[in-house]
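# Per-entry structural report
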Amino acid sequence: MSVVPADYINQGYQQMMFVFIVTILLLIVVFSFLLLYTNHIRHVSTQRIEHLAYYDDITGAYNTHKFMELAAARLSEDKNYALVLLDLHGFKFINASFGFSVGDRLLCGVSDILSRALGADEIYYQRFADQFGFLLHTQDESVIRKRVTAIMDAISAFELVPGDSHPIHCYCGIKVNQSNSNELNIGLMQDRAAAALAQVKNLHGNHLAFYDHTLLERAQHKNHIEQHMHAALRNREFIAYLQPKYDLHTEQIVSAEALVRWQRPAGSLVPPGDFIPIFEQNGFITQLDLYIFEEVCRTQRRWLDEGLPIVPLSVNQSRLLFYQKNYLETVHGLVSKYNLDPKYIIIEVTESPATNKAEEIASVIPGLHALGFSVSMDDFGSGYSSLNVLRKLSIDELKLDRDFLSSTELEARIRIILRNILELARELHITTVCEGVETRIQADQLRDMGCDIAQGYFFSRPIDIESFTKPAFGTE
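Residues numbered from 1 in each chain as written. Predicted model: local features only at pLDDT ≥ 70, side-chain atom pairs only at ≥ 80, totals over all residues. Heavy atoms only, no water.

## Let's talk about the packing of helix 4 (residues 100–117) against helix 5 (residues 141–156)
We count it as follows: Here an angle of 0 to 180 degrees is reported between the N-to-C directions of two axes, which are lines fitted to C-alpha atoms, with helices fitted over the stretch in contact. In this description a helix means any DSSP run of H or I spanning at least four residues, a strand means any run of E spanning at least two, and both kinds are numbered starting from the N terminus. Crossing handedness follows the turn of the near helix against the far one: under a right angle anticlockwise gives a left-handed crossing, and clockwise gives a right-handed one. Contact between two residues is taken to exist if any of their heavy atoms lie within 4.5 Å; hydrogens are not considered. Residues are grouped as follows: nonpolar covers Ala, Val, Leu, Ile, Met, Phe, Trp, Tyr, Cys and Pro; charged covers Asp, Glu, Lys and Arg; every other residue, Gly included, is treated as polar.
Where helix 4 contacts helix 5, the two axes come as close as 10 Å, and the packing angle between them is 145 degrees. Crossing geometry of helix 4 relative to helix 5 is assigned as right-handed. When helix 4 is examined against helix 5, the residues Val110, Ile113, Leu114 and Ala117 are found in contact with a partner set consisting of Arg147, Ile151, Ala154 and Ile155. Split into classes, the residues belonging to the contact of helix 4 with helix 5 amount to seven nonpolar, no polar and one charged.

So, in structure tokens, the structure goes:
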């Protein structure tokens, strides 16, 4: 038998409990610290995620998602608001010329100007890199105009680089909310403010535009046209009209220009001004131009099959077609399909695209000549680089812009310009055509100055193909 004193046992137990308690306390402290640190990291991460989700990284402005959420809430409580979209002219040029840091500083400057110009119940956001939007708590157009003008003036006064006076211009589109409850959709307001913005996009200086019913009707018309254009092409609703071109000396038809009309199933004709600009914007013009090209080929083939003589027909071709790699093969395939001589088809290209992309156009013209086509430049004189384009492009026909004939009788200044253009074309062996001839006086003056061909209402309006064959070929 052995005996252990109770004091010795109690002393060991107390030491063990002390170590245990201290260990537990240390664990609690460490765990609490880890818990607090984890919560801090989670909170910082949440703030960072929220910032990335709702704010622009450079300017700190609301992004589109956050703005739409807040704006919808404001509009649900109070409809007395207007939405303004503000875009900066030439922002890409600023980045390229001064560097991205200067461009970022400008964006921050715009954000700061907006934050100081807006009230507590008004918000702004950065829609794109160079576009901002903001809500103004008013429906008074005069107040809106005054406030938006002040904001644009403040932005114009922003100094990009110390000592540099590079002008900064803005343009704004504005949609004032209406009393109609349907207008309370902030997405609809944004779309309509963007439509108003597009109206002043290409103007120089600071400009603003309000969305109105005219823009709404235009947008609805555009949507209607685009909804029906493909079906109309399939159903052959687009028909070719011909406007005769007359020799000014013999006053006999020597050729004609193919123009397009849209004949709806009900029989009404849609004028080209109602759909051609839309097709040029959305690119459908390339399909339509090739369709009319084939209609011209089909017409000339029918004339030959009926034993009729044929005259050259000119067809307008969009600049977009000239950029297609297979364009030459396409037009050559069409004339081959109908077994036609390409010399009876004149390819027309307008001056404005030729001015903008003269090199691309010039590279295609030799190929057209090699295939046997003639090339005409339409609307000569409508731009500011006409002579330079004439130098670059080897064309066969020059069509003078109808604006030269803006009056019944040619003014002395216009006669001097025309006479020199006609002399220049004659020396370059280029046939000249004047469009828009509406009076006998104009026709006689053009003939006396040496113009070769005239086209206009004085001689004939555009007519359908069947009607054209009678004066052209003497058929009944």
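Text resumes after the structure shown.
## Brief notes about the environment of Tyr457
Of note, Tyr457 is situated in the loop between strand 14 (453–455) and strand 15 (463–464). Taking the C-alpha atoms as reference points, Tyr457 and Pro244, separated by 213 residues in sequence, lie 9.7 Å from one another. Those residues within four positions of Tyr457 in sequence are excluded, and the remaining contacts are Gln243, Val437, Glu438 and Pro462.

## What about the sheet that holds strand 1 (residues 82–88)?
Which entries qualify depends on this criterion: Here, a strand pair is defined by DSSP locating no fewer than two bridges between the strands.
Judged by pairing direction, the sheet is mixed, and its five strands sit side by side in the order 2-3-1-4-5 without closing on themselves. In this open sheet, the two strands that pair with only one neighbour each are strand 2 (124–128) and strand 5 (207–210). Taken pair by pair, the neighbouring strands of this sheet meet at an average axis angle of 20 degrees, ignoring direction. Bridge analysis of strand 2 against strand 3 (residues 131–136) gives four bridges, and the strand direction is antiparallel. Residue pairing for strand 3: Tyr124 is matched across the bridge by Phe134.

## Section: the packing of helix 15 (residues 412–427) against helix 16 (residues 440–449)
Heads up, the condition is: Should an angle fall under 35 degrees it is taken as roughly parallel, and over 145 as roughly antiparallel, whereas 65 to 115 is taken as roughly perpendicular and any remaining angle as oblique.
Where helix 15 meets helix 16, the axes come as close as 9 Å, and the angle between the chain directions of the two elements is 45 degrees. With respect to helix 16, the element helix 15 is oriented oblique. Seen from above, helix 15 lies across helix 16 with right-handed handedness. Residue-level inspection shows Arg415, Leu418, Arg419, Leu422 and Arg426 of helix 15 in contact with helix 16, the latter providing Gln445, Leu446 and Met449. Of the residues belonging to the contact of helix 15 with helix 16, the class tally is four nonpolar, one polar and three charged.

## Considering the nonpolar core
To keep things clear, this is the line we draw: We call a set of buried residues a nonpolar core when its members are Ala, Val, Leu, Ile, Met, Phe, Trp, Tyr or Cys and they connect through side-chain atoms within 4.5 Å of each other. Note on exposure labels: buried denotes an accessible area under 20% of the residue type's maximum, exposed denotes more than 50%, and partly exposed covers the range between, all computed with a 1.4 Å probe on protein chains only.
Phe238, Phe275, Phe279, Leu288, Phe293 and Leu398 are the most contacted members of the largest nonpolar core, which has 77 residues in total. The greatest single-element share of this core, amounting to nine residues, is contributed by helix 9 (residues 285–305). Among all residues touching Leu288, those that are not within four sequence positions of it are Phe238, Val260, Phe275, Ile276 and Phe279. Membership of the second largest hydrophobic core comes to 32 residues, among which are Val84, Phe91, Ile155 and Phe210.

## Quick word on the packing of aromatic side chains
Going by this rule: Note on aromatic pairs: the rings of Phe, Tyr and Trp (six-membered ring only in Trp) are paired at centre separations within 6.5 Å, and the planes decide the class, stacked below 30 degrees, edge-to-face beyond 60, tilted for the rest. The criterion is that NZ of a Lys, or CZ of an Arg, lies within 6 Å of the ring centre and within 35 degrees of the ring normal, and then a charge sits over that ring.
Counted according to the given criterion, the structure contains 14 aromatic pairs. An angle of 35 degrees between the planes, with centres 5.4 Å apart, marks the rings of Tyr55 and Tyr62 as tilted. When the ring of Trp262 is compared with that of Phe275, the centres are 5.6 Å apart and the planes differ by 90 degrees; the resulting orientation is edge-to-face. Taken as a pair, Trp262 in strand 7 (residues 253–263) and Phe275 in the loop between strand 8 (269–270) and helix 8 (276–282) lie far apart in primary sequence, 13 residues in all. Here Trp262 matches Phe275 in class, with each residue buried. A network of ring pairs unites the aromatic residues Phe238, Trp262, Phe275, Phe279 and Phe284 as a single cluster. Seen from the ring of Tyr457, Arg461 lies directly overhead, with NZ or CZ sitting 4.0 Å from the centre.

## Looking at the pattern of salt bridges
Think of it this way: side chains of opposite charge can pair up when their charged atoms draw near. What counts is decided by this rule: A carboxyl oxygen of Asp or Glu within 4 Å of a side-chain nitrogen of Lys or Arg is what we treat as a salt bridge.
Taken as a whole and judged by the stated rule, the model has 21 salt bridges. Salt-bridge contacts for Lys399 lead to Glu257; the nearest nitrogen and oxygen are separated by 2.8 Å. Residue Lys399 is located in strand 12 (residues 397–400), and its partner Glu257 is located in strand 7; the two are separated by 142 residues in the primary sequence. On the accessibility criterion, Lys399 (0% relative accessible area) is buried.

## Notes on the confidence of the model for the chain
Spelled out, the test is: The predictor reports its confidence for every residue as pLDDT, a score running from 0 up to 100.
Looking at the chain, pLDDT values average 87 and 88% of them are 70 or higher. Element-level mean pLDDT values for the chain span from 49 in helix 12 (residues 351–356) up to 97 in helix 11 (residues 327–337).

## Digging into the pairing of strand 9 (residues 313–316)
Two elements, strand 7 and strand 9, share three bridges in a ladder whose sense is parallel. Considered in strand 9, the bridge of Glu257 is made with Ser314. Across four bridges, the pairing between strand 9 and strand 10 (residues 345–350) is parallel. Looking at strand 10, one finds that Val315 is bridged to Ile347.

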